[in-house]
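The primary structure of each chain is shown beneath.
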Protein chains: 4
Amino acid sequence: MIIVVKPKTEQKQIDELVELIGRYGVSVNKWVGAESTVLGLIGDTSRIDVDLISAQDAVERIMKVQEPYKKANRKFHPEDTVVRVGDVAIGDGSVQVIAGPCSVESEEQIIDIAKRVKASGATFLRGGAFKPRTSPYAFQGLKADGLELLLEAKKATGLPIVTEIMRISHLPLFEDVDVIQVGARNMQNFELLKELGHLKKPILLKRGLANTIEEFLMSAEYLMSGGNENVILCERGIRTYETYTRNTLDLAAVAVLKKLSHLPVIVDPSHATGITWLVEPMAKAAIAAGADGLMIEVHNNPKKALSDGAQSITPDAFDTLMKDIAPIKAACGRK
Amino acid sequence: MIIVVKPKTEQKQIDELVELIGRYGVSVNKWVGAESTVLGLIGDTSRIDVDLISAQDAVERIMKVQEPYKKANRKFHPEDTVVRVGDVAIGDGSVQVIAGPCSVESEEQIIDIAKRVKASGATFLRGGAFKPRTSPYAFQGLKADGLELLLEAKKATGLPIVTEIMRISHLPLFEDVDVIQVGARNMQNFELLKELGHLKKPILLKRGLANTIEEFLMSAEYLMSGGNENVILCERGIRTYETYTRNTLDLAAVAVLKKLSHLPVIVDPSHATGITWLVEPMAKAAIAAGADGLMIEVHNNPKKALSDGAQSITPDAFDTLMKDIAPIKAACGRK
Amino acid sequence: MIIVVKPKTEQKQIDELVELIGRYGVSVNKWVGAESTVLGLIGDTSRIDVDLISAQDAVERIMKVQEPYKKANRKFHPEDTVVRVGDVAIGDGSVQVIAGPCSVESEEQIIDIAKRVKASGATFLRGGAFKPRTSPYAFQGLKADGLELLLEAKKATGLPIVTEIMRISHLPLFEDVDVIQVGARNMQNFELLKELGHLKKPILLKRGLANTIEEFLMSAEYLMSGGNENVILCERGIRTYETYTRNTLDLAAVAVLKKLSHLPVIVDPSHATGITWLVEPMAKAAIAAGADGLMIEVHNNPKKALSDGAQSITPDAFDTLMKDIAPIKAACGRK
Amino acid sequence: MIIVVKPKTEQKQIDELVELIGRYGVSVNKWVGAESTVLGLIGDTSRIDVDLISAQDAVERIMKVQEPYKKANRKFHPEDTVVRVGDVAIGDGSVQVIAGPCSVESEEQIIDIAKRVKASGATFLRGGAFKPRTSPYAFQGLKADGLELLLEAKKATGLPIVTEIMRISHLPLFEDVDVIQVGARNMQNFELLKELGHLKKPILLKRGLANTIEEFLMSAEYLMSGGNENVILCERGIRTYETYTRNTLDLAAVAVLKKLSHLPVIVDPSHATGITWLVEPMAKAAIAAGADGLMIEVHNNPKKALSDGAQSITPDAFDTLMKDIAPIKAACGRK
């Protein structure tokens, strides 16, 4: 950590600042430039209260040298984390595909879709039981009944299940869910993250719609510092000024996350773009960028989907997609 | 609602679309242009499932004519909503000021600040007991103890209290809190909003850091549709590419919210800018833009604040601020 | 074009509005809803002055149905445009690679790089002679001398040349340049676009750092409406709140541009990310997303580059890159 | 300037880096931390080629301590710059108002508006003769004839004139123009800035729609380093994800610019919001935030304006605005 002292600060104030910093058990290196004095901190700076230091009169600016995340940091954990769910492994060089409808709507619907996506090569079934909706008047999901239906579909196909949690008190309902998803709007719902950090179950953490890569990894850190190291990161597009697509898919973030962290990273091209015909090119691009998996919305009848029909593809289109991405996977040396 | 049909759509498909829309009990006006057919819907379109309609093959685009919020909409509720807390009214033409530290730290601290901001003219005391922090390693607030200390400060000064909730299960602890704050990161924590909608207690709802004005009003709608019409909106800056300030304060949003909605709107210049010396000019500008109140971070010793010291002003600076904004209030014809 | 009339507008005002619109030679369809009246315009609305119409008291909002660009619009020109430069074709299904240094620095440098990138498979040489720099104190390029050196490198290798223009009066210097680049900062330098529209020479138009896809196509329309249909679009990242990468590469825009327009689209992963180790994954992802080509910064000694060294790769790394993207090209069925 | 060295860099590479930096005539302070080595540079770092340094293998990151602008920097020029045009001074504590139509349309129009805005207290007349338009098919201004008409209006009223330049070769036409405006889209048209830097005439420089405060000041630096210190900065809204307003007016930037620089700063609420009814609240807020002036679009018949009618106010509304802002000016102690 580096601290730039305000120009014309008196020596006494600088000494007080150095003394204050010293209390954190780090050593301080000072050098005096023509226009400003700079302090360099050596040691474990992660406990230093940046807010407190930056509030000192003498401080012009603080610059961090180290990343604020530790457990999620590849520097301290060079090997890739592989998250295992039954026989399936995410992060081992393979490309896993999670597919299913935005919302679970009926037993027939979810079992039908589950069978079809499995036949095409999906290794996880997704489906929303509790749905975060911008409008209180929109369909909010089948809730507990939806979870039941997902488990039926799991029984029928063997596919492990990924579904979103929106409230801590729902946690007991998720006991048989294989992977718990934290949605973009809850990426910084820290109380929820703390609770999920006490589980061992894999957590699929979606990037918030205006969160930086660092904030994303800090939310993973919340889970991991609680003891749960089974974290899967999911890039799903960020909010920008461009309105043609629902969000702007940030594929460079995939490569950056793989560099900074050892956690597996998957991509959701359906939510990222909101447009059916962009799912395939963005799925391919995600694999080429190094993603460990994809999350794709598939609906047996998008025209009658209760939510997100416009970005859902049919099982037939999904089958084509799986065939089309196979050569890309091979070209990238992926399993 | 207006639906643009894809060019070259067959008549049969258009007929099916019209039939589908008809099921929502609205009437459909069709006109055929040179390049495209457009359908205009008449009646109560708020129940129409936009996702479902936009997933139909025949649909190129849907354009909304009506706002999706109703209870928060000034069109259906032309008079200003005035939120009353004891003797204090927000939204009646006055400028109310909520002041206090980012975090409650000790009895001495909070009572001292409470007395001083009251003496300067503040009408509410703010203070964080449960703190949302990006890092799991940062100070997370005094929690229940912090709430106790706030109530002590209320007893000592008579100032009503504003403090943030982060978790539904904490609700019983907030019984004696006067105004419950929903932070920016929880603006779309819909489960929390649903619970708070069942209360009668005023809710101070902060705008999410990348949420539109419409989404902001839809979150207010969640509270109001549950039955709680005591909602105070708070603009606290949005995330943009500019990094000099912590966020970009969107003061036009204040005037827009006052136009679109009847709810009171306050501004938090401390969080919006993150810089002490910007608090005063932005507080003044907020009043000039029409805000019903301000929320200001004040700390008796910002240099030792456990959080957000860099944006907190001292009680003396707060006193000066209150004197400096008085003529602006008068110039704007505000009480 | 659809015009939403303000609620409670008097009939007389609506009639005047209809009459005003009628002067543009379009017919007007009116329908009266419960809360608002909507006018639908039929015919060629491209001449309607949207600003003037939206300024009428009676008008609440205008919604466009048709795209404002015509010559760049795939609807009116379904076949892909192929831009040919000598033997090389961009937009014919192949993946062309433009490579070279950010700045031309010396005869030795540019010829050396040209030979090496050609040997690795590049089909164009890029190099900046006139450099747009944020700081007036930074190296501004070798200017006319730089153009001379580029032509030397062309003579030595046969590679056609791509270089940026910054000023209309420099145009005579660009006579022997094969493709003229318009940089991101000049995407809406309309006077420059008008002049380049009078040429027949191919123009490589970069997307502005905060411009929408529609604005990008409107700038292409400036070139094309002047008579120059040899336009190559280049996605090079947009500005967002994320600061880890220099810009956020918007790969969905590649697929969207290919859908909305018939013009070829290339991607510049070097400027988009600003980081050497992101060039390869983003180059691969760009091809998977459907790009017609790549623009890559290559420097024989990035450590001594006079500009953009941090994002330039060495000729050896470029050679590896070309080998690594070959299977992706094949997997995507590209030449 | 501070340079963070990559972890595990060999001593030899560090020595080479220190030697390279030493060539710029600055001295280098090195300190060795637990995980990384940091170099602190002392002396005039403005000549250091940041691009070159950041391209060295050993370099992880460079952090700037000093601002890159000098002539525009308040640190080196503590007194406010006052730009004088005839009797009018901008930056002396007064609030100057520039008013007039988006486009000059006819002699009658411009003279009528000029007389009326002068009567209401405007001290400058604005009017577009050369108009930057997104569409090549939109009205592009009366061009040289428009400039003639502006001069007629100046003759008739004595009001100095502000109008936009779009092309260097038009410069001779601007000889009698009092203040030359550089539009937002040309803020980084560096060739244009270089030419205008050779004049003595005041330049009104608008902030680019996605440019940072630092980039804005660097463009002012282009003008000033050429010798022209008569620069007026204009905040006119930035592009964000919010679409209700045309742009997001960044009023904190006004206070920040006044702090970082000695140049006068004005605000254009018309372009910033694009909505007539937001002009007044934002004009008031701009003054409260410390702006030295306002730029307001006024049209005698907004309904028939050839451009930007939706954001233009009538002379009557302008008169009311001037009366309404008077008490705010007084309350802020402004002349």
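In this numbering scheme, every chain counts its residues from 1 along its sequence in written order. Throughout, the order in which chains and ligands are written sets their labels, letters from A for the former and numbers from 1 for the latter. Per-residue local features are limited, in this predicted model, to residues with pLDDT of at least 70; the limit for side-chain atom pairs, both in listing and counting, is 80 or more; totals at the level of whole chains, interfaces and linings are taken over all residues. Side-chain measures were taken over the full set of non-hydrogen atoms in the model, leaving aside hydrogen atoms and water.

### Overview of the overall build of chain A
Each helix is a run of DSSP H or I of at least 4 residues and each strand a run of E of at least 2, with the numbering of both proceeding from the N terminus. Of regular secondary structure, chain A possesses ten helices and 14 strands. Taken over the C-alpha atoms alone, chain A extends approximately 75 × 45 × 40 Å along its principal axes. We call a residue buried when its accessible area falls under 20% of the maximum for its residue type, exposed when it is over 50%, and partly exposed in between, using a 1.4 Å probe and counting protein chains only. In chain A, which comprises 335 residues, the share counted as buried stands at 64%. Long-range contacts, defined as pairs at least 24 residues apart, comprise 67% of the intrachain contacts of chain A with a sequence gap of at least 6. Under the counting rule used here, the positive set is Lys and Arg, the negative set is Asp and Glu, and His together with the chain ends is not counted. By convention, the point assigned to a charge is CZ for Arg, NZ for Lys, CD for Glu and CG for Asp. For chain A, the distance from the average site of its 41 positive side-chain charges to the average site of its 43 negative ones is 2 Å. Any two residues having at least one pair of non-hydrogen atoms within 4.5 Å are treated as being in contact.

### Observations concerning the relation of the copies chain A and chain B
Superposition record for chain A on chain B: RMSD 0.0 Å, screw rotation 180°, translation along axis 0.0 Å. What the superposition gives is, in effect, a two-fold axis relating one chain to the other. It is Ala210(A) whose C-alpha, among those of chain A, lies nearest the rotation axis, at 3.0 Å. In this assembly, 98% of the residues forming the interface of chain A have copies in chain B that are likewise at the interface, indicating an isologous arrangement. A residue counts toward the fit only if its pLDDT is at least 70 in both copies, and the copies are then superposed by least squares on the C-alpha atoms of those residues.

### A short note on the sheet that holds strand 12 (residues 231–235) of chain A
All names here are of chain A. For two strands to pair, DSSP has to find at least two bridges joining them. Taken together, the eight strands give a closed barrel; going around it, the order is 7-8-9-10-11-12-13-14, and neighbouring strands pair in parallel fashion. Looking at each pair of strands side by side, their axes are set apart by 25° on average, direction ignored. In this description, a line fitted to the C-alpha atoms serves as the axis of each element, helices being fitted only across the stretch in contact, and the angle between N-to-C directions of two axes falls anywhere from 0 to 180 degrees. Relative to the sheet, helix 7 (residues 251–260) contacts strand 12 and strand 13 (265–267), its axis offset from that of strand 13 by approximately 170°.

### Comments concerning the sheet that holds strand 7 (residues 96–100) of chain D
Residues and elements named next belong to chain D. With parallel pairing, the eight strands of this closed barrel are ordered in space as 7-8-9-10-11-12-13-14. Ignoring strand direction, the axes of neighbouring strands in this sheet form an average angle of 30°. By the bridge criterion, five bridges tie strand 7 to strand 14 (residues 293–297) in an arrangement that is parallel. What sits directly across from Gln96, in strand 14, is Gly293. Contacts from helix 7 (residues 251–260) reach strand 12 (231–235) and strand 13 (265–267) within the one sheet, and its direction differs from that of strand 13 by about 170°.

### Focus on the environment of Ser169(C)
Considering the arrangement of structural elements, one finds Ser169(C) in the loop between strand 9 (161–165) and strand 10 (179–182). Taking C-alpha positions, Ser169(C) is 9.7 Å from Leu192(C), a pair spaced 23 residues apart along the chain.

### Some remarks on a negative patch on the surface
Within this analysis, patches are made of residues with over 30% relative accessible area and no salt bridge. Like charges are joined at 9 Å or less; nonpolar side chains (Val, Leu, Ile, Met, Phe, Trp, Tyr) at 5 Å or less. Note on areas: Shrake-Rupley with a 1.4 Å probe; residue coverage comes only from the protein chains shown. Here, a salt bridge means any side-chain nitrogen of Lys or Arg that lies within 4 Å of a carboxyl oxygen of Asp or Glu. Judged by side-chain charge, Asp145(A), Glu148(A), Glu175(A) and Asp176(A) come together as a negatively charged surface patch. Tracing the backbone through its elements, the reader meets Glu148(A) in helix 4 (residues 144–157).

### Observations regarding the interface of chain A and chain B
On the chain B side, the residues contacting the 47 residues of chain A number 46 residues. In total, chain A and chain B occlude about 4,200 Å² of area from one another, counting both sides; carbon and sulfur atoms represent 49% of this. Buried area counts how much accessible surface, traced with a 1.4 Å probe, disappears from two parts once they are put together, with both parts' losses summed. Among the residues chain A hides against chain B, the three largest losses belong to Tyr137(A), Arg167(A) and Lys303(A). Together they make up 15% of the total. Counting across the chain A and chain B interface gives six salt bridges. Here Arg239(B) ties to Glu215(A) by a salt bridge, and the two come within 2.6 Å at their closest N and O atoms. We call two N or O atoms a polar contact when they sit within 3.5 Å, provided that within protein one can donate a hydrogen and the other can accept it, with sequence-adjacent residues counted only if both atoms are side-chain atoms. In this structure, the connection of chain A to chain B is made through 20 residue pairs in polar contact (both at pLDDT 80 or more). Sorting the residues of the side of chain A that touches chain B by element identifies helix 2 (50–54), helix 5 (190–197) and helix 6 (213–225) of chain A as the ones contributing at least two each. No other element matches the five residues that helix 6 of chain A contributes to the side of chain A that touches chain B. Split by residue class, the side of chain A that touches chain B holds 16 nonpolar, 14 polar and 17 charged. Each residue is assigned to one class: nonpolar for Ala, Val, Leu, Ile, Met, Phe, Trp, Tyr, Cys and Pro, charged for Asp, Glu, Lys and Arg, and polar for all the others, Gly among them.

### Things to note about the nonpolar core
Each nonpolar core is a collection of buried residues, namely Ala, Val, Leu, Ile, Met, Phe, Trp, Tyr and Cys, held together in the definition by side-chain atoms within 4.5 Å. The biggest cluster of nonpolar side chains holds 317 residues, and the ones touching the most others in it are Phe318(A), Phe318(B), Phe318(C) and Phe318(D). Setting aside anything within four residues of it in sequence, one finds Phe318(B) in contact with Val97(B), Ala99(B), Val117(B), Ser120(B), Ala122(B), Ile296(B), Val298(B) and Ile313(B).

### A word on the interface of chain C and chain B
If you look at the interface, chain C gives 27 residues, while chain B gives 27 residues. One can count two salt bridges joining chain C with chain B. Among the ionic pairs, Lys75(B) bridges to Glu60(C), the shortest N-O distance being 3.9 Å. At five residues, the largest contribution of residues to the side of chain C that touches chain B is made by strand 3 (residues 37–42) of chain C. Each residue belonging to the side of chain C that touches chain B can be placed in one class, and the counts come to 14 nonpolar, seven polar and six charged.

### Thoughts on the confidence of the model for chain A
The predicted coordinates ought not to be read in detail in places where the model reports low pLDDT. The predictor reports its confidence for every residue as pLDDT, a score running from 0 up to 100. The predicted model of chain A has a mean per-residue pLDDT of 92, with 98% of residues at 70 or higher. With pTM at 0.93, the complex prediction returns an ipTM value of 0.92.

### Looking at the packing of aromatic side chains
Working definition: a ring pair exists when centres of Phe, Tyr or Trp rings (six-membered ring for Trp) sit within 6.5 Å. Plane angles under 30 degrees give stacked, over 60 give edge-to-face, the rest tilted. A complete count under the given rule lists eight aromatic pairs over all chains for this structure. Taken together, a centroid distance of 6.1 Å and an interplanar angle of 25° make the contact between Phe130(D) and Phe174(D) stacked. One end of the pair, Phe130(D), is in the loop between strand 8 (124–126) and helix 4 (144–157); the other, Phe174(D), is in the loop between strand 9 (161–165) and strand 10 (179–182), and 44 residues separate them in sequence. Since its relative accessible area comes to 1%, Phe174(D) is described here as buried. Working rule: Lys NZ or Arg CZ, within 6 Å of ring centre, within 35 degrees of ring normal, means a charge sits over the ring. One Lys or Arg, Lys259(B), reaches over the ring of Trp277(D) and ends 4.4 Å from the middle of that ring.

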